[in-house]
Amino acid sequence: KDVWIITKRNLRRFIRMPQLLLFATVQPVMFLLLFTYVFGGAIAVPGDFSYIDFLIPGILVQTVMFGSTNTAPGLTDDLAAGVIDRFRSRPMARGAVLGGRTFADLVRSAAVNTLMIFVGFLIGFRPDGIPQLVAGLILALMFGYSMSWVFAAVGLVARTPEAAQSASFLVVFPFVFASSVFVPVQSMPSWLQVFAENQPVSVIATTVRGLIFGIEAL
């Protein structure tokens with residue numbers, strides 16, 4: 001019950017501060033459109049897949065990865081404002097603050113990824129089927145939720161929201177861009193392929209791709 005109350009509190013904050021939701025939706029859509037129409041024609045993908053079909057599963061993973069970084073500055077902001085100290089004075093479960101924060105970020109990631117899939121359909125994305133698409137989406141969301149707990153730890157250590165945001169992006173950028181999210185790993189230099197093939201973002205992106213399009217996409 002306490003976790004649900006804190007989750008609703010954080011979701012209401014998104015509604016009352018629409019700029020947070022706007023930035024969370026505009027950035028992934030920009031990534032999708034830029035990579036599809038600017039870089040897509042120059043990127044060769046394996047098999048008979050179009051670039052948009054290759055890209056959407058990776059974008060789902062990239063979106064939840066970036067979305068999970070919001071957990072860190074969100075917690076740090078509450079710490080700095082004294083909100084968490086107030087929660088500690090209440091008869092509530094200790095883990096509710098972290099659980100509510102991560103669940104709220106999970107709901108937001110689900111909403112943004114649903115939008116990404118809708119935009120993808122408009123520009124040519126065609127999965128093998130709805131059950132396969134749902135399975136891939138669930139896996140991406142599970143990965144994003146697990147990463148929210150990693151960044152919750154970052155938020156509890158950092159002293160300011162700015163420091164938490166900077167620390168989070170220092171972790172996220174190498175894993176997202178040196179991965180199979182946007183391009184096949186085989187197109188990278190051999191020394192970088194070793195890292196790109198064996199890091200979690202590539203593994204999840206490839207698995208989501210396989211769930212949506214079958215084993216031939218792996």
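This structure is a prediction, so every number in the text was calculated from the model and none was measured.

### Overview of the environment of N198
Checked against the element boundaries, N198 lands in the loop between α9 (190-197) and α10 (200-213). Measuring from C-alpha to C-alpha, the distance between N198 and S179 comes to 9.1 Å, with 19 residues separating the pair along the chain. At 2.7 Å, the side chain of N198 and the backbone oxygen of V194 are in polar contact.

### Observations regarding the packing of aromatic side chains
Per the counting criterion, the structure on display carries 16 aromatic pairs. An aromatic cluster is present here, built from F31, F35, F66, F169, F173, F177 and F182 joined pairwise through their rings. The ring of F54 carries the charged tip of R209 above its face, separated from the ring centre by 3.9 Å.

### Let's talk about a nonpolar patch on the surface
Taken together, the side chains of L22, F23, V26, M30, L33, L34, Y37, V38 and F39 present a nonpolar region at the surface, about 880 Å² in accessible area. Tracing the backbone shows L34 in helix α2 (residues 18-39).

### A word on the side chain of N113
For N113, the location among the structural elements is in helix α6 (residues 96-122). Judged by its relative accessible area of 0%, N113 is buried. Only 3.3 Å separates the side chain of N113 from the backbone oxygen of L60, close enough to count as a polar contact. Residues within four places of N113 in sequence aside, it is in contact with I59, L60, T63, V64, L137 and L141.

Cut-offs and rules
Residues numbered from 1 in each chain as written. Predicted model: local features only at pLDDT ≥ 70, side-chain atom pairs only at ≥ 80, totals over all residues. Heavy atoms only, no water. Helix = DSSP H or I, 4+ residues; strand = E, 2+ residues; numbered from the N terminus. Polar contact = N/O pair within 3.5 Å; in protein donor to acceptor, adjacent residues only side chain to side chain. Phe/Tyr/Trp six-rings, centres within 6.5 Å; stacked < 30°, edge-to-face > 60°. Lys NZ or Arg CZ within 6 Å of the ring centre and 35° of its normal. Patch = residues over 30% accessible without salt bridge, like charges linked within 9 Å, V, L, I, M, F, W, Y side chains within 5 Å. Areas by Shrake-Rupley, 256 points an atom, 1.4 Å probe, with all protein chains shown as cover. Salt bridge = Lys/Arg side-chain N within 4 Å of Asp/Glu carboxyl O. Buried < 20%, exposed > 50% of the residue type's maximum accessible area, 1.4 Å probe, protein only. Contact = heavy atoms within 4.5 Å.

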